[in-house]
Amino acid sequence: EYLKKALSYDQKDKNTWYNIGLIYGETKQYDLSISSIRNAIALDSTQADYWYNLGGGLFTVKDFAGAKQAWHKTLELKPEHQNAQMGLKALAGMGK
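*Asks:* Just give me the short version of the overall build of the protein, but keep the residues and values in it.
*Replies:* What the protein contains, in helices and strands, is six helices and zero strands. Start at the N end of the protein and walk to the C end: the helices and strands fall as α-α-α-α-α-α. For the protein, the proportion of contacts with a sequence separation of at least 24, taken over those separated by at least 6, is 36%.

*Asks:* How would you explain helix α4 (residues 48-60) if you had to name every residue and give the values?
*Replies:* With 13 residues, α4 ought to run about 18 Å at 1.5 Å a step, and its terminal C-alpha atoms sit 19 Å apart, in line with that. For α4, the set of buried residues is Ala 48, Tyr 50, Trp 51, Leu 54, Gly 55, Gly 57 and Leu 58. Looking at the buried side of α4, the elements it contacts are α2 (14-26), α3 (30-43) and α5 (64-77). Just past α4, the residue Lys 62 takes up positive phi, approximately 70°.

*Asks:* How would you explain the packing of aromatic side chains if you had to name every residue and give the values?
*Replies:* Taken as a whole and assessed by the stated rule, the structure comprises four aromatic pairs. With a centroid separation of 5.4 Å and 65° between ring planes, the pair formed by Phe 59 and Phe 64 is classed as edge-to-face. When its relative accessible area of 17% is taken as the criterion, Phe 64 is described as buried. Here the aromatic residues Tyr 52, Phe 59, Phe 64 and Trp 71 are joined through ring pairs into a cluster of three or more.

*Asks:* An account of the environment of Lys 73 is requested, with residue identities and associated values reported.
*Replies:* Residue placement: Lys 73 occurs in helix α5. For the pair Lys 73 and Trp 51, spaced 22 residues apart in sequence, the C-alpha to C-alpha distance is 6.6 Å. What Lys 73 contacts, discounting residues up to four positions off in sequence, is Ser 45 and Trp 51.

*Asks:* Could you give an account of the packing of α4 against α5, naming the residues involved and the relevant values?
*Replies:* Where α4 contacts α5, the axes come no closer than 8 Å and their chain directions differ by 165°. In terms of orientation, α4 lies roughly antiparallel with respect to α5. You can see that α4 and α5 cross each other, and the crossing is left-handed. Packed against α4, whose contacting residues are Ala 48, Trp 51, Tyr 52, Leu 54, Gly 55, Gly 56, Leu 58 and Phe 59, the element α5 presents Phe 64, Gly 66, Ala 67, Ala 70, Trp 71, Lys 73, Thr 74 and Leu 77 at the interface. Here the residues of the contact of α4 with α5 sort into eleven nonpolar, four polar and one charged.

Thresholds applied
- Along each chain, residues carry numbers from 1 onward, in the same order as the chain's sequence is written.
- Thresholds applied to this predicted model are a pLDDT of at least 70 for local features of residues and 80 or more for the giving and counting of side-chain atom pairs; totals over whole chains, interfaces and linings are not thresholded and use all residues.
- Side-chain numbers come from the whole structure's heavy atoms, not from hydrogens or water.
- Secondary structure elements follow DSSP: runs of H or I of four or more residues count as helices, runs of E of two or more count as strands, with numbering from the N terminus.
- Working rule for contacts: check all heavy atoms of both residues, and any pair within 4.5 Å makes them a contact.
- An expected span of 1.5 Å times one less than the residue number is assigned to each helix.
- Three exposure classes are used, based on accessible area relative to the maximum for each residue type with a 1.4 Å probe and protein chains only: buried under 20%, partly exposed in between, and exposed over 50%.
- In summary, the pairing rule links any two rings of Phe, Tyr or Trp, Trp by its six-membered ring, whose centres are within 6.5 Å, and it sorts them by plane angle into stacked for under 30 degrees, edge-to-face for over 60 and tilted for everything else.
- Inter-axis angles, ranging from 0 to 180 degrees, are taken between N-to-C directions of lines fitted to C-alpha atoms, where helices are fitted over the stretch in contact.
- Between 65 and 115 degrees an angle is taken as roughly perpendicular, under 35 as roughly parallel, over 145 as roughly antiparallel, and anywhere else as oblique.
- Crossings are assigned a handedness: left-handed for a near helix turned anticlockwise from the far helix by less than a right angle, right-handed for a clockwise turn.
- Any residue that is not Ala, Val, Leu, Ile, Met, Phe, Trp, Tyr, Cys, Pro, Asp, Glu, Lys or Arg is counted as polar, Gly included; the first ten are nonpolar and the last four charged.

In structure tokens:
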């Protein structure tokens, strides 16, 4: 609730959007999580963790192509991101 209030003051705060997205993910509100993280990415597309968590949300809702794209972007920004590497391996293991 406090983060939403912060957005009422500044809709262009990428970190607030990202944190709201993480909270929605933790509460299993995946569509809201994905939307919030996409808002953060629209404000700053250079953050590898934003892309990684977007991929996680997309994977959870079975948008495997979207998850794959997000995790590839994560690795483009941060090649050593081990969780994104593992996510892509999991997709490959599923034949996705």
